Amino acid sequence: AELGVERRFVPESCPRAVRPGDFVRYHYLGAFPDGTRFDSSYDRGSTFNVFVGKGQLIAGMDQALVGMCVNERRFVKIPPKLAYGTEGVPGVIPPNAVLHFDVLLIDLWNSEDEVQVQTYFKPEKCPRTVQVSDFVRYHYNGTFLDGTLFDSSHNRMRTYDTYVGIGWLIPGMDQGLLGMCVGEKRIITIPPFLAYGEDGDGKEIPGQASLVFDVVLLDLHNPKDGIAIENQLVPESCERRSQTGDFLRYHYNGTLLDGTLFDSSYSRNRTYDTYVGKGYVIAGMDEGLLGVCTGEKRRIIIPPHLGYGEEGRGKIPGSAVLVFDIHVVDFHNPSDTVSITVHYKPSNCTVLSKKGDYLKYHYNASLLDGTLLDSTHSLGKTYNIVLGSGQVVLGMDMGLQDMCVGERRTVVIPPHLGYGEDGVEGEVPGSAVLVFDIELLELVSGLPEGYMFVWNGEVSPNLFEEIDQNHDGEVLLEEFSEYIQTQVDTGKGKLAPGFDFEKIVKNMFTNQDRDGNGKVTAEEFKLKDQEAKEEHDEL
């Protein structure tokens, strides 16, 4: 005679129970006391959807549903007076029939409901939140209130990318995403009238279904965004800042806004080298690299329209905001020349180095960021060269000009005057600016340009005869070498300093041996000033 309700399963969590006026979706099996089934929502493949407490149900069911939780299962016995009474339903339910219902509540909402947002993780730093017209990239799992999964971006291994607040999403999601931080995780519960309404989506989502989205926000930008720069380390001394047309060498870590690493120059153990402001890199990086100092560290945040756009590239998804943490190693301009800074010059600085002089000097060689490349001090010996003879890079030949013994200077050499784009494998990186701290210790004056040997006094009028010791009218290399050695030893002549004696003498002999037969005759033998006079007469 009375309504009977048996709660056969009650979920642990029941944030909300059915009240009169709520709309519910439930499955049921309807049977008579003898077990004969008269109806089933399962057979129809759809839930029974109805308002509770508004007379749309038989009285017993209206009462039995009150207080139910989603996923709760109840066994309900309804007497005839609370069911179809003495009339029954012709052909289906006889008069005065007791009805048994096995009910499973699937969904529950009220017309006064709003979007519910439950944040269960929020990053400590949240510099920016989602606003209307922002473009977002997020992952989600979409379920019904009973936990049944209907969609997941994780399964597709691709984020959902969309504008917020301009009608690209269902209204409830448009609301639920507002105020989120990148990295935030929240559960957004949306009633059907802010989702897919009475008709559903025609595929996975039935009509009148509440939707639950478990969302993690990965990316956020606005089409009006420019790049953002966060200075992390700026050297105290910054004599020069990068400009359009400069060539930069820098290290970087490239990540997405959620911290996912997509590239790193450190992992390749090689800097990224490029011109700035010339379109060699993405527009946002071209802009972000301007105005940096050597040694500076900065973070450059680049919206996708200044990065790789809607298509992305490689590990970079479409419409992704990029974060580059860069460290500038060095930069130069192709128009740069050698820079010289004198730190000390002796007061009696009268003899200055010039082309052809033999120099002995100490140096420390480093990159612009201070990385030490080489040092003569560690070797315990000087570096010795003939200035202007091509024994060092062109920039060093220039940097050692007009220096006096005891002077100390710093010479900065751009790569086009150093080791160029290729560098020296294992020693000097390609396109590297070089810094040499130099101290000149010894200078031996060279000979006039074009001369390898000069006389210190008058030249003998019988020079050929003096060299031709056996007076056979021919001078061999051995005779020539012995004679030159004697002149140097006795101080009558001087060889160009810094060169190998045998190579110089052989070169001088070859110049005299005009027919190349290994012998010099009196007719072939001419001093340099005689050669110049003959050339002048010919002209």
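Thresholds applied
Residues numbered from 1 in each chain as written. Predicted model: local features only at pLDDT ≥ 70, side-chain atom pairs only at ≥ 80, totals over all residues. Heavy atoms only, no water. Axes fitted to C-alpha atoms, helices over the stretch in contact; angles between N-to-C directions. Helix = DSSP H or I, 4+ residues; strand = E, 2+ residues; numbered from the N terminus. Parallel < 35°, antiparallel > 145°, perpendicular 65-115°, else oblique. Left-handed = near helix turned anticlockwise from the far one by under 90°. Contact = heavy atoms within 4.5 Å. Nonpolar A, V, L, I, M, F, W, Y, C, P; charged D, E, K, R; others polar. Buried < 20%, exposed > 50% of the residue type's maximum accessible area, 1.4 Å probe, protein only. Core = buried A, V, L, I, M, F, W, Y, C linked by side-chain atoms within 4.5 Å. Pairing = 2+ DSSP bridges. UniProt positions renumbered as here; feature names shortened; annotations may be inferred. Salt bridge = Lys/Arg side-chain N within 4 Å of Asp/Glu carboxyl O. Phe/Tyr/Trp six-rings, centres within 6.5 Å; stacked < 30°, edge-to-face > 60°. Lys NZ or Arg CZ within 6 Å of the ring centre and 35° of its normal. Domains from an automatic or database assignment.

Visitor: Mind showing me how you'd approach the packing of helix H10 (residues 477-489) against helix H11 (residues 501-512) here?
Guide: The interhelical angle for the contact between H10 and H11, taken along N-to-C directions, is 120°, at an axis separation of 10 Å. Between H10 and H11, the angle falls in the class oblique. Handedness of the H10/H11 crossing: right-handed. Only Phe501, Val505, Lys506, Met508 and Phe509 of H11 make contact with H10, whose side of the interface consists of Leu477, Phe480, Ser481, Ile484 and Gln485. Partitioning the contact of H10 with H11 into residue classes produces 7 nonpolar, 2 polar and 1 charged.

Visitor: Any chance you could explain the environment of Leu440 here in plain terms?
Guide: When you line up the elements, Leu440 lands in strand S24 (residues 434-444). For Leu440, a relative accessible area of 0% gives the class buried. Once the C-alpha coordinates of Leu440 and Thr382 are considered, the two residues, 58 residues apart in sequence, prove to be 9.3 Å apart. Not counting the four nearest positions on each side in its chain, Leu440 is found in contact with Leu359, Lys360, Tyr361, Met403, Cys404, Val405, Gly406 and Glu407.

Visitor: Is there a simple way to explain the nonpolar core in this structure?
Guide: Across soluble globular proteins, you tend to see nonpolar side chains buried next to one another. Residues Val24, Tyr26, Met61, Leu65, Leu99, Phe101 and Val103 are the most contacted members of the largest nonpolar core, which totals 26 residues. Where this core is concerned, the elements lending two or more residues are strand S2 (23-31), helix H2 (59-65), strand S5 (73-78) and strand S6 (99-109). No other element matches S6, which puts 5 residues into this core. Val115, Leu169, Met173 and Ile188 belong to the second largest nonpolar core, which has 25 residues in total.

Visitor: Looking at this structure, how should I read the pairing of strand S15 (residues 261-264)?
Guide: Two faces belong to every sheet, and in a regular strand the side chains alternate between them. Taken together, the 3 bridges between strand S14 (residues 247-256) and S15 define a ladder with antiparallel strand orientation. Looking at the pairing, Thr255 lines up with Leu261 of S15. Taking the residues that link successive antiparallel strands as the turn, the S14-S15 hairpin has 4 residues, and the phi of Gly259 there is positive, at about 95°.

Visitor: Is there a simple way to think about the UniProt feature "domain: EF-hand" (unreviewed entry) in the protein chain in this case?
Guide: Under the local residue numbering, the UniProt record ascribes the feature "domain: EF-hand" (unreviewed entry) to residues 455-490 and 500-535. As a span, residues 455-490 carries 50% helix and 8% strand, and end to end its C-alpha atoms are 11 Å apart.

Visitor: Would you explain the pattern of salt bridges in this entry?
Guide: For side chains bearing opposite charge, pairing can occur when the charged atoms are close. Inspection of the entire model under this criterion finds 28 salt bridges. Arg8 is the salt-bridge partner of Glu6, the closest N and O atoms lying 3.4 Å from each other. A residue is classified by how much of its surface remains accessible, and Arg8, at 40% relative accessible area, is partly exposed. Close ionic contact of Glu474 with Lys519 constitutes a salt bridge, the shortest N to O distance being 3.7 Å. Within this pair, whereas Glu474 is found in strand S26 (residues 474-475), its partner Lys519 is found in the loop between H11 and strand S28 (520-521), the two being separated by 45 residues in sequence.

Visitor: I tried to follow the packing of aromatic side chains on my own but got confused; where do I start?
Guide: Geometry of an aromatic ring pair is reported as the spacing of the ring centres plus the angle between the planes. Considering all chains together, one arrives at 33 aromatic pairs under this definition. Ring pairing ties together the aromatic residues Tyr26, Tyr28, Phe32, Phe38, Phe48 and Phe101, which thus form one cluster. Just above the ring of Phe75 sits the side chain of Arg8; from NZ or CZ to the centre is 4.1 Å. Above the face of the Phe51 ring, Lys54 is positioned so that its terminal group lies 4.4 Å from the ring centre.

Visitor: Is there a simple way to think about the domain arrangement of the protein chain in this case?
Guide: Interfaces are often sized by the amount of accessible area the parts lose when they come together. According to the domain assignment, the protein chain contains domain 1 (4-109), domain 2 (116-221), domain 3 (228-332), domain 4 (339-444) and domain 5 (453-535). Centre-to-centre, using C-alpha coordinates, domain 3 lies 63 Å away from domain 5.

Visitor: Would you explain the UniProt feature "domain: PPIase FKBP-type" (unreviewed entry) in the protein chain in this entry?
Guide: With numbering matched to this structure, UniProt assigns "domain: PPIase FKBP-type" (unreviewed entry) to residues 21-109, 133-221, 245-332 and 356-444. Helix makes up 11% of residues 356-444 and strand 39%, whereas the separation of the span's terminal C-alpha atoms amounts to 9 Å.

Visitor: Is there a simple way to think about unusual backbone geometry in this case?
Guide: Where the residue is not glycine, phi is negative for most of them; where a peptide bond is considered, it is trans in most cases. Phi is positive for Asn96, which is not a glycine, with a value near 55°. Inspection of the secondary structure assignment puts Asn96 in the loop between S5 and S6. Taking the relative accessible area as the measure of exposure, Asn96 reaches 49% and is therefore partly exposed. With a phi close to 60°, Asp402 is a non-glycine residue in the positive phi region. Residue position: Asp402 is located in the loop between helix H8 (394-399) and strand S23 (408-413).

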